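# Topology and contacts: notes
If you want the building blocks of each chain, they are given just below.
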Amino acid sequence: MKNPTRFLNRTICYVVLCFLLLFLTGCNKKDPVLENYKANMNQFFENIRVFDSSIDAIDPNSDTAASQLLSLLDAMDTSFAQMASLEVPESFPGVSDLAKEASAYMSEAVSYFHQAYEGETFDAVLEDVARQNYERANLRLQYIISILHGDIPEEIVTYDEETESGEADSVPPDQE
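Residues numbered from 1 in each chain as written. Predicted model: local features only at pLDDT ≥ 70, side-chain atom pairs only at ≥ 80, totals over all residues. Heavy atoms only, no water.

This model, assessed by the stated rule, comprises three salt bridges. A salt bridge links Arg-49 to Glu-46; its shortest N-O distance comes to 2.6 Å. Here Arg-49 and its partner Glu-46 are both found in helix H2 (residues 32–56), three residues apart, which amounts to about one turn of the helix. Exposure remark for Arg-49: the relative accessible area of 46% places this residue in the partly exposed category. Take Glu-46: its relative accessible area is 34%, and that puts it in the partly exposed class. Notably, a salt bridge pairs Glu-101 with Arg-140, separated by 2.7 Å at the nearest N-O pair. Here Arg-140 lies in helix H5 (residues 124–148) and Glu-101 lies in helix H4 (residues 95–118), a separation of 39 residues in the sequence. Look at Glu-101 and you get partly exposed, because its relative accessible area is 22%. Given the relative accessible area of 1%, Arg-140 is considered buried. (Salt bridge = Lys/Arg side-chain N within 4 Å of Asp/Glu carboxyl O. Helix = DSSP H or I, 4+ residues; strand = E, 2+ residues; numbered from the N terminus. Buried < 20%, exposed > 50% of the residue type's maximum accessible area, 1.4 Å probe, protein only.)

This is the structure in structure tokens:
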């Protein structure tokens, strides 16, 4: 070797260049958990859109309207349960809990809809309870959509008390 300083400088430049390239290629890698979650949520929202269109298409004067509605609601309940079971990336705070709440409310809604429509006589009180649970499930779904778009709705965060560190606890509301 004629010039050890020149060799050292080239080696340092080479190592720095390799780290820079590794860093840049690492930035292009997609998080598989995030990509899987996005794909599953896109499918979920497509399913909900189809359910919504199908429910709107039911002829309320048809003899089979109630059974068609209940069948679609059962399928929607299954879809909500699958959505709630997804692994949620850490970049979406609170979504996992909201998804579980949405699924629970949807299950309750579907159960009450069945009771309201499948009894010997139609039960308007049970249908009202079902609608309230259905609205709660959909409200949580709206919150999830906001969070996925990068906005945390103020309605889902309340500040109850300060912790020992002086920070306030944030807690989503139990019911809307």
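Alright, that's what it looks like, and here's the rest.
What follows covers the packing of aromatic side chains. By the definition in use, this model includes six aromatic pairs. Measuring from centroid to centroid gives 5.3 Å for Tyr-117 and Phe-122, while their planes differ by 45°, and the two rings are tilted. Given a relative accessible area of 26%, Tyr-117 falls into the partly exposed group. Residue class for Phe-122 comes out partly exposed when judged on its relative accessible area of 47%. Chaining the aromatic ring pairs together yields one cluster made of Phe-113, Tyr-117, Phe-122 and Tyr-134. (Phe/Tyr/Trp six-rings, centres within 6.5 Å; stacked < 30°, edge-to-face > 60°.)

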